[in-house]
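Geometric and topological summary
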Amino acid sequence: MEIIRTVSDLESALGSARAKGSIGLVPTMGALHEGHLSLITRARKENDTVVVSVFVNPTQFNNPTDLATYPRTEEADCALLESAGVDYAFIPSVEEMYPQEDTRVFDLGPVAEVMEGPMRPGHFNGVAQVVSKLFSMTRPTRAYFGEKDYQQIAVIRRMVELEGGYDGLEIVSCPIRRHDDGLAMSSRNVRLTPDQRMVAPCISITLKSSLVKAREMSLTETRQWVIDTVNRFPFMEVEYYEIVDGITMQPLTDWSDSTIPVGCITAYCGDVRLIDNITYKI
Ligand code: AMP
């Protein structure tokens, strides 16, 4: 595996790779875990060359404390990437990614106007900025994203459409990887205290139980049941729970409004912000 830190080195390395075949890109912010690894393994199976970017993107953090406390574990990340058979780890500095301030404002539309959109102003525009830069630099055949960040995938698809498709780039969405107790794997989980870590699986357990509730409850009742149930646990405070259409991300009021209703939750466990989601099969 080669570690690349500059855009010009990335472009020259990928020039010959592109001539040989397909390129799979997995964008990450590091502090890698098995969730990331599942995307990388899939990229490895489906492409001739695999690039993983590790970059904590400042423009997508609307909370300075979150940026400052975001875990950074470059050495361990590189060891994991090497063992996963990655060809190139792209680990640029902030100056390399943003030689000038990125003032682009993407017209992300309705998919970015709900849930994470209003809760984290500027977040999705920052995601669109960094991912569009990575796509232009890498020009991948396929790019891999996790369904843990369900709304993010819709936003990225929209950005790709706005930018003209990046030569037929395929956006591949990959299922959520969980710990044995159900907690969605996340780089932020390391910030949970042992007591909070014991409680945090209540999010996924409640979402799963709501699949059964949904058979007899209306959509609004199910939504409220999830919020009330999670809020009853110590340390837990739900920021939002919305049941949305899996494509448009627009909140639903009735089960019959969508063929893919997806419940998206954000909840604080202490001061750690956790997200998860579940698809209802109606
Ligand atoms: P991050 O480093 O948090 O920006 O995540 C990089 C990519 O890995 C994103 O596409 C995430 O959705 C994905 N990812 C993070 N955690 C998981 C997980 N538990 N299961 C599947 N994908 C994940």
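Details of the structure are given in the entry above.
Residues numbered from 1 in each chain as written. Predicted model: local features only at pLDDT ≥ 70, side-chain atom pairs only at ≥ 80, totals over all residues. Heavy atoms only, no water.

1. Description of the overall build of the protein
Looking only at helices and strands, the protein features 11 helices and 9 strands. Since a compact globule built from 282 residues should have a radius of gyration of about 19 Å, the 19 Å found for the protein is in line with a globular shape. Long-range contacts, defined here as pairs at least 24 residues apart, represent 73% of the contacts in the protein between residues at least 6 apart. Per element, the accessible surface of the protein, about 13,100 Å² overall, is 52% carbon and sulfur. Positive and negative side-chain charges of the protein, numbering 27 and 39 respectively, have mean locations separated by a distance of 4 Å. (Helix = DSSP H or I, 4+ residues; strand = E, 2+ residues; numbered from the N terminus. Rg over C-alpha atoms; globule rule 2.2 N^0.38 Å. Contact = heavy atoms within 4.5 Å. Areas by Shrake-Rupley, 256 points an atom, 1.4 Å probe, with all protein chains shown as cover. Lys, Arg positive; Asp, Glu negative; His and termini not counted. Charge placed at Lys NZ, Arg CZ, Asp CG, Glu CD.)

2. Brief notes about the sheet that holds strand S6 (residues 170-174)
Read from one edge to the other, the open sheet built from 6 strands follows the order S1-S4-S3-S2-S5-S6, with strand pairing classed as parallel. Only two strands of the sheet have a single neighbouring strand rather than two, namely strand S1 (2-4) and S6. When strand polarity is set aside, the average angle formed by the axes of neighbouring strands in this sheet is 25°. Of the strand pairs in this sheet, strand S2 (residues 23-28) and strand S5 (residues 142-146) are connected by 2 bridges, and their pairing is parallel. (Pairing = 2+ DSSP bridges. Axes fitted to C-alpha atoms, helices over the stretch in contact; angles between N-to-C directions.)

3. Comments concerning the pairing of strand S3 (residues 49-54)
Within S3, 6 of the 6 residues are buried, which leaves it mostly tucked inside the rest of the structure. Of the two faces of S3, both are covered, the one formed by Thr49, Val51 and Ser53 as well as the one formed by Val50, Val52 and Val54. As paired elements, S2 and S3 share 6 bridges and run parallel to each other. Bridging from a neighbouring strand, Gly24 pairs with Val50 of S3. (Buried < 20%, exposed > 50% of the residue type's maximum accessible area, 1.4 Å probe, protein only.)

4. Let's talk about the environment of Ile3
Position of Ile3 among the secondary structure elements: in strand S1. Residue classification places Ile3 among the partly exposed residues on the basis of a relative accessible area of 39%. Between the alpha carbons of Ile3 and Phe90 there is a distance of 6.1 Å; along the sequence they are 87 residues apart. Leave out the neighbours within four places in its chain, and Ile3 touches Cys78, Ala89 and Ile91.

5. What about the site of the ligand?
Near the ligand, the surroundings consist of 16 residues, among which Met29, His36, Asp149, Arg177 and Met185 are the closest. With respect to the ligand, the backbone of Met29 contributes an N or O atom lying 2.9 Å from an oxygen atom. Interatomic distance of 2.8 Å between a backbone N/O atom of Met185 and a nitrogen atom of the ligand. Computed on the free molecule, the ligand has an accessible area of 480 Å², of which 93% lies beneath the protein chains in the complex. With 3 residues, helix H2 (residues 34-46) is the largest single contributor of residues to the shell around the ligand. (Near = heavy atom within 4 Å. Polar contact = N/O pair within 3.5 Å; in protein donor to acceptor, adjacent residues only side chain to side chain.)

6. Notes on the sheet that holds strand S7 (residues 236-245)
Pairing in this open sheet of 3 strands is antiparallel, and the strands run S7-S8-S9 from one edge to the other. Both outer strands of the open sheet, S7 and strand S9 (272-279), are each paired with one neighbouring strand and no more. Direction aside, neighbouring strands of the sheet carry axes that sit 15° apart on average. Where S7 lies against strand S8 (residues 261-269), 9 bridges are found, and the strand directions are antiparallel. Its bridge partner lying in S8, Val238 is registered against Ala267. Strands S7, S8 and S9 of the sheet are contacted by helix H10 (residues 202-216), whose axis makes an angle of about 20° with S9.

7. Examining the packing of helix H7 (residues 123-138) against helix H8 (residues 150-162)
Each pair of packed helices can be described by the angle between their axes along with the distance between the axes. One can describe the packing of H7 onto H8 by two numbers: an axis separation of 10 Å at closest approach and a directional angle of 55°. Taken together, the axes of H7 and H8 lie oblique to each other. Judged by the twist between their axes, the crossing of H7 over H8 is right-handed. For the pair H7 and H8, contact is made by Phe124, Val127, Ala128, Val131, Ser132 and Phe135 and by Gln151, Gln152, Val155, Ile156, Met159 and Val160, respectively. Among the residues forming the contact of H7 with H8, the class breakdown is 9 nonpolar, 3 polar and no charged. (Parallel < 35°, antiparallel > 145°, perpendicular 65-115°, else oblique. Left-handed = near helix turned anticlockwise from the far one by under 90°. Nonpolar A, V, L, I, M, F, W, Y, C, P; charged D, E, K, R; others polar.)

8. Thoughts on the environment of Arg188
If you trace the backbone, Arg188 turns up in the loop between S6 and helix H9 (194-199). Considering only alpha carbons, one finds Arg188 and Ala76, 112 residues apart in sequence, at a separation of 16 Å. Leaving out residues up to four positions away in the same chain, Arg188 has contacts with Phe61, Asp66, Tyr70, Arg120, Val272 and Arg273. Within the local environment of Arg188, its side chain forms a polar contact with the side chain of Asp66, the two groups lying 2.9 Å apart.

Distances and angles like these do not, on their own, reveal function.
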